[in-house]
Amino acid sequence: MISEWAYRDAFIRMNQRWGQAEPNTIAPEMSTTHRFMFEEAGDRGLYASDLASEAQMPYDLFLAAFPSASVYEKSANPIPNF
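As the structure is a prediction and not an experimental result, all values here were calculated from the model.

## Things to note about the overall build of the protein
When helices and strands are tallied, the protein shows 5 helices and 0 strands. When its helices and strands are written in sequence order, the protein yields α-α-α-α-α. Looking at the protein as a whole, 21% of its 82 residues are labelled buried. With an accessible surface of roughly 6500 Å², the protein has 56% of that area assigned to carbon and sulfur atoms.

Given below as structure tokens:
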């Protein structure tokens, strides 16, 4: 069983491959786990680029794998220096 988003995404990709336009695109699915992970990282002052480095993953591939990363990267809070 797959989500509605995954079902629609599969058809969009097939249409793109065979040259047909998709009239109503949908936003990427937002994982609750990913949202929590990026909120926690943001609270600690970590950015998506930091997480990509820790995962030893190129930044562009990290953003492709986790589309919500760029949204939460803007809300990362810097850790105060004491």
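## A word on unusual backbone geometry
Across the chain, the bulk of peptide bonds are trans and the bulk of non-glycine residues have phi less than zero. Located in the positive-phi region is Gln-56, a residue other than glycine, with phi close to 55 degrees. Mapped onto the secondary structure, Gln-56 falls in the loop between helix H3 (48–54) and helix H4 (59–65). A relative accessible area of 77% places Gln-56 in the exposed class.

## Topic: the nonpolar core
Phe-38, Ala-41, Ala-48, Leu-51, Ala-52, Phe-62, Phe-66, Ala-69 and Tyr-72 together form the largest nonpolar core, which totals 9 residues. When residues of this core are traced back to their parent elements, those giving at least two are helix H2 (32–43), H3 and helix H5 (69–73). Leave out the neighbours within four places in its chain, and Ala-69 touches Phe-38, Ala-48, Phe-62 and Leu-63.

## Things to note about the confidence of the model for the protein
Averaged over all residues, the pLDDT of the protein equals 76, while 73% of them reach at least 70. The weakest mean pLDDT in the protein belongs to H5 at 73; the strongest belongs to H3 at 88.

## Digging into the pattern of salt bridges
According to the stated counting rule, one finds 2 salt bridges in the structure shown. Ionic pairing is found between Asp-9 and Arg-13, a salt bridge with its closest N-O pair at 2.8 Å. With a gap of 4 residues between them, Asp-9 and Arg-13 both fall in helix H1 (residues 4–17), about one helical turn apart. Judged by relative accessible area, which is 18%, Asp-9 ranks as buried.

## Section: a nonpolar patch on the surface
Where nonpolar side chains cluster on the molecular surface, the patch consists of Ile-2, Tyr-7, Phe-11, Met-14 and Trp-18 and spans about 580 Å² of accessible area. A relative accessible area of 38% places Phe-11 in the partly exposed class.

Cut-off values and rules
- Residues numbered from 1 in each chain as written.
- Predicted model: local features only at pLDDT ≥ 70, side-chain atom pairs only at ≥ 80, totals over all residues.
- Heavy atoms only, no water.
- Helix = DSSP H or I, 4+ residues; strand = E, 2+ residues; numbered from the N terminus.
- Buried < 20%, exposed > 50% of the residue type's maximum accessible area, 1.4 Å probe, protein only.
- Areas by Shrake-Rupley, 256 points an atom, 1.4 Å probe, with all protein chains shown as cover.
- Core = buried A, V, L, I, M, F, W, Y, C linked by side-chain atoms within 4.5 Å.
- Contact = heavy atoms within 4.5 Å.
- pLDDT = per-residue confidence, 0-100.
- Salt bridge = Lys/Arg side-chain N within 4 Å of Asp/Glu carboxyl O.
- Patch = residues over 30% accessible without salt bridge, like charges linked within 9 Å, V, L, I, M, F, W, Y side chains within 5 Å.

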